[in-house]
Amino acid sequence: MTSGPRAVLIGFMGSGKTTVGQQLARLLGVDWIDSDGEIERRSGRTIPEIFSADGEPAFRALEEDVVADLLAGERGVVSLGGGAVLSESTRQRLAGHNVIYLHVTAAQGFARVSGSKRPLLQAPDPAQVYADLLAERDPVYRDIATIVVDAQPHQRLVADEIISQLTTQEARQ
């Protein structure tokens, strides 16, 4: 593996990248950082504000820059926004890293984010939008991931499973 984060968590909104990422970092004794939080910190605006004022393409360009910096400079656990992997350059940068896909079904994930102010779900049928976007992105997540875990169990169980798989993977190297 290249230098950089010990683990990079990817997955769709509601998969638990934040809660599992924090738990995983605690168990590994490393720092945790969220790319969306870093985007908000750097821009001084929320994600919905960026989407509203500048549009999704501008947000994705900012996201790409932030993720590049995190992959180069962080050593702990990094949680990426659900759409970060849409960028070809981000997908290339993820090569050689421990990339963990937190998989959820559309029903599980949507139940976790239902009623939120997420920009991509501001539609007449947000459950259908969620299901369609997850179906579209799932193959991309799977293609990039070095580890795929079911993100439905309690976050501690998911974090334990990731540690187990990381340990096995690192022992093979």
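Conventions adopted
Residues numbered from 1 in each chain as written. Predicted model: local features only at pLDDT ≥ 70, side-chain atom pairs only at ≥ 80, totals over all residues. Heavy atoms only, no water. UniProt positions renumbered as here; feature names shortened; annotations may be inferred. Helix = DSSP H or I, 4+ residues; strand = E, 2+ residues; numbered from the N terminus. Rg over C-alpha atoms; globule rule 2.2 N^0.38 Å. Buried < 20%, exposed > 50% of the residue type's maximum accessible area, 1.4 Å probe, protein only. Core = buried A, V, L, I, M, F, W, Y, C linked by side-chain atoms within 4.5 Å. Contact = heavy atoms within 4.5 Å. Pairing = 2+ DSSP bridges. Phe/Tyr/Trp six-rings, centres within 6.5 Å; stacked < 30°, edge-to-face > 60°. Axes fitted to C-alpha atoms, helices over the stretch in contact; angles between N-to-C directions.

You'll find the protein entered in an unreviewed UniProt entry as Shikimate kinase, with Williamsia marianensis given as the organism. Recorded in UniProt for the protein, the comment headed Pathway (unreviewed entry) runs: "Metabolic intermediate biosynthesis; chorismate biosynthesis; chorismate from D-erythrose 4-phosphate and phosphoenolpyruvate: step 5/7." UniProt annotates the protein under Function (unreviewed entry) with the comment "Catalyzes the specific phosphorylation of the 3-hydroxyl group of shikimic acid using ATP as a cosubstrate."

*Asks:* Please explain the overall build of the protein as it appears in this structure.
*Replies:* A tally of helices and strands in the protein yields 8 helices and 5 strands. Taken against the 2.2 N^0.38 rule, which gives 16 Å for 173 residues, the C-alpha radius of gyration of the protein at 15 Å falls within 12% of a compact globule. A principal-axis box enclosing the C-alpha atoms of the protein has dimensions of 50 × 30 × 25 Å. Counting all 173 residues of the protein, 43% fall into the buried class.

*Asks:* I tried to follow the nonpolar core on my own but got confused; where do I start?
*Replies:* The nonpolar side chains of a soluble globular protein tend to be buried with one another. If you look at the biggest cluster of nonpolar residues, it comprises 46 residues, and the most contacted ones within it are I10, I100, L102, Y130 and I162. With sequence-adjacent residues up to four places away left out, I100 is seen in contact with A7, V8, L9, I10, I147, V149, I162 and L166.

*Asks:* Got a minute to help me understand the pairing of strand β4 (residues 99–103) in this structure?
*Replies:* Residues in a regular strand point their side chains to alternate faces of the sheet. Of all 5 residues in β4, 4 are buried, a share of seventy percent or more. Relative to β4, strand β1 (residues 7–10) runs parallel, the two sharing 3 bridges. Each residue of the ladder has a partner; that of I10, found in β4, is Y101. One ladder, built from 4 bridges, connects β4 with strand β5 (residues 147–150); its direction is parallel. Within β5, the residue paired with I100 across the bridge is I147.

*Asks:* I keep staring at the environment of A72 and nothing clicks. Help me out?
*Replies:* Summarising the element assignment, A72 is placed in helix α4 (residues 56–73). C-alpha separation for the pair A72 and L62, spaced 10 residues apart in sequence, amounts to 16 Å.

*Asks:* Got a minute to help me understand the packing of aromatic side chains in this structure?
*Replies:* Two aromatic rings are characterised by how far apart their centres lie and by the angle between their planes. Per the stated rule, a full pass over the model turns up 4 aromatic pairs. Plain terms: the ring middles of F12 and Y130 are 4.6 Å apart, the flat faces sit at 65° to each other, and that makes the pair edge-to-face. Highlighted residues: F12 in the loop between β1 and α1 (17–28) and Y130 in helix α7 (residues 126–144), separated in sequence by 118 residues. The same class applies to F12 as to Y130, namely buried.

*Asks:* Would you mind going over the sheet that holds β1 with me for this structure?
*Replies:* Whenever strands of a sheet pair, they do so through backbone hydrogen bonds, lying parallel or antiparallel. Taken together, 5 strands build an open sheet; the order of strands is β2-β3-β1-β4-β5 and the sheet is parallel. A strand with exactly one partner marks an edge of an open sheet, and here the two such strands are β2 (32–34) and β5. Averaged over all adjacent pairs, the angle separating strand axes in this sheet is 25°, with direction ignored. Contacting β1, β4 and β5, α7 runs over the sheet at an angle of about 150° to β4.

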